[in-house]
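Observations on the three-dimensional arrangement
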Amino acid sequence: MKLIAGLALAASTCLAQADGAHDWTKSRWGPDDQIGSANLMTPERVKAASSLVTTGKVYSLGMIVGSDTPAFPPRSLSVTVLQPNQISNSGLGNNAFTYNDDIFMGWLGIGPQIDGLGHAGVDHVYYNGHKDSDFAKAAGLTELGLHNLPGLVGRGVLLDMAKFYGVDMVEEGKAYTADDVKAAAAKQGVELREGDVVLFNSNWMNLLDGANPDPKRFGAAEPGLGVSGAEYLAELGVMAVGADTWGMEVVPAEKEGEAFRAHQILQPENGIYILENMDTRELAKDEAYEFLFVLGQARLKGAVQMIINPIAIR
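Let me begin by describing the structure that accompanies this report. In every chain, residue numbers begin from 1 and rise along the written sequence. This being a predicted model, a pLDDT of at least 70 is required before a residue's local features are given, and a value of 80 or more before pairs of side-chain atoms are given or counted; all residues contribute to the totals for chains, interfaces and linings. The basis for the side-chain values is all heavy atoms of the structure; hydrogens and waters are excluded.

1. A word on the sheet that holds strand β15 (residues 311-313)
Only strands that DSSP links by at least two bridges are regarded as paired with each other. Strands here are runs of E lasting at least two residues and helices are runs of H or I lasting at least four, both read from the DSSP assignment and numbered beginning at the N terminus. The mixed open sheet is built from 9 strands, whose spatial order is β1-β15-β13-β7-β9-β11-β12-β4-β14. Single-partner strands in this sheet number two, and they are β1 (58-60) and β14 (305-307). Averaged over all pairs of adjacent strands, the angle between strand axes in this sheet comes to 25 degrees, irrespective of strand direction. Alignment of strand β13 (residues 290-295) against β15, held across 3 bridges, turns out to be antiparallel. Residue pairing for β15: Phe293 is matched across the bridge by Ala312. Only the contacting stretch of a helix is used when fitting its axis, a line to C-alpha atoms as for every element, and angles between N-to-C directions run 0 to 180 degrees.

2. Comments concerning empty space enclosed by the protein
Buriedness for pockets is judged along seven lines, at least five of which must meet protein on both sides within 12 Å for an open set on the 1 Å grid over protein atoms alone, while cavities are sets there where a 1.4 Å probe fits but cannot get out, and lining residues have an atom within 4 Å of a point. Grid points are joined across faces, edges and corners, and a volume is the space filled by probe spheres set on the points. One pass over the structure, following the stated rule, counts 2 cavities of 30 Å³ or more. Empty space within the largest cavity amounts to approximately 70 Å³. If you go around the largest cavity, you meet 13 residues; those closest to its centre are Val227, Glu249, Ala253, Glu254 and Arg261. Asp, Glu, Lys and Arg are counted as charged, while Ala, Val, Leu, Ile, Met, Phe, Trp, Tyr, Cys and Pro are counted as nonpolar; the rest, among them Gly, fall into the polar class. Of the residues belonging to the lining of the largest cavity, the class tally is 7 nonpolar, 1 polar and 5 charged. If you add up the space inside the second largest cavity, you get close to 50 Å³. In this structure, the second largest cavity is lined by Pro70, Ala71, Phe72, Arg75, Gly109, Ile110, Gly111, Gln113, Trp246 and Asn277. Considering only residue class, the lining of the second largest cavity consists of 5 nonpolar, 4 polar and 1 charged.

3. Side note on the pairing of strand β11 (residues 240-243)
The alternating pattern of β11 places Ala240 and Gly242 on one face and Val241 and Ala243 on the opposite face, and all of these are buried. Alignment of β11 against strand β12 (residues 273-276), held across 3 bridges, turns out to be parallel. Paired with Gly242 across the two strands is Leu275, which belongs to β12. Whether a crossover is right-handed depends on one test, that the path from the first strand over the helix to the second runs clockwise when the strands point away from the viewer. This β-α-β element, β11 to helix α9 (residues 261-266) to β12, shows right-handed connectivity. Per-residue accessibility, obtained with a 1.4 Å probe over protein chains only, is compared with the maximum for each type, and a residue is labelled buried under 20%, exposed over 50%, and partly exposed between these values.

4. Here's the deal with helix α8 (residues 227-236)
When we look at burial in α8, the residues that qualify are Gly229, Ala230, Tyr232, Leu233 and Ala234. We call two residues contacting when some pair of their heavy atoms lies within 4.5 Å. Buried positions along α8 lie against β8 (175-176), α5 (178-188), β9 (197-201), β10 (224-225), β11 and α9. Just beyond α8, the residue with positive phi is Gly237, at close to 85 degrees.

5. Focus: the packing of aromatic side chains
What counts as a ring pair is set by centres within 6.5 Å for rings of Phe, Tyr and Trp (its six-membered ring), and what kind of pair is set by the plane angle: stacked under 30 degrees, edge-to-face over 60, tilted for all other angles. Going through the model one piece at a time under the given rule, you end up with 9 aromatic pairs. A ring pair is formed by Phe72 and Trp246, whose centres lie 6.0 Å apart and whose planes are at 20 degrees; its orientation type is stacked. Of the two residues, Phe72 sits in the loop between β1 and β2 (77-82) while Trp246 sits in the loop between β11 and α9, which places them 174 residues apart along the sequence. Classification of Phe72 as partly exposed rests on a relative accessible area of 36%.

6. Brief notes about the side chain of Asn128
Counting through the fold element by element, Asn128 comes out in the loop between β4 (113-115) and α3 (132-135). Note on Asn128: relative accessible area 10%, which makes it buried. With residues up to four places along the chain from it excluded, the contact list for Asn128 reads Thr25, Lys26, Ser27, Gly30, Pro31, Asp32, Asp33 and Pro268.

7. Some words on unusual backbone geometry
Following Pro73, the chain continues to Pro74 via a peptide bond in cis, the omega torsion being 10 degrees. Of note in the backbone geometry, Leu144 takes a positive phi value of approximately 70 degrees without being a glycine. As for its position among the elements, Leu144 is in the loop between β6 (140-141) and β7 (152-160). Given the relative accessible area of 2%, Leu144 is considered buried. Backbone geometry places Glu287, a non-glycine residue, at a positive phi of 55 degrees. Considering the arrangement of structural elements, one finds Glu287 in the loop between α10 (281-285) and β13.

Put into structure tokens, the structure is as follows:
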């Protein structure tokens, strides 16, 4: 089966080259590249993004996550708090130093998260042509691990899709098309540019902590980026795409039988990072459509994904 899949991939690559199309298995940043669109994080762009800070207001984009947070199955987590070696004594030293420690057990792709470039693939082929049999080891990725990413800093842009569509909350199954993305940006008076971090607000998180919470509905489907919208953002050359939903893209898919096609367009085919479960509601409330975006994820060696708390500064 692997041989057949490999031949099929080679055939599709040859056809793409014959048609003059982009060979997505080869990164624009070279065969050794590990960070994809993060290469767009130039000193000039970071400096320009810092000029967007006018009020100094800080927005925490990472939703609070716990064992009850809906997650793509079979993902789960738990935290256990301990007082190691302190049960039968007064702690350490003559000053009775005591402390709490915690043990995390769970998946790193749960709650507010970044998908590294080793996450989404096309028939077991990932960004820059890496095949999972070569780099996806049980003890950690040997290529494309999130420890390679220094962080993401740049111009952040929020597109308030709930406001654009004129609804309190965007319904599940609603796809943000390329035309929608362009029109929403124009309506807000913002220009999408190469190297941007583009976030979408649908108010979907109201299903977790709003007046009528429905966590089951939250995790069953979602509004989100559609195929043409993903193609448009990839063509622009954005650095990352995020949303206030668990999967970022529309579920159910626009085309029956497809699964997470926008993930494939953004990640393996273009090296663009994906941010999920971003709490964008306060940004939307303040109409903070442009801001300095700052993310410094834990650099766990070989990690595919990571729980995060990005910061937007206006």
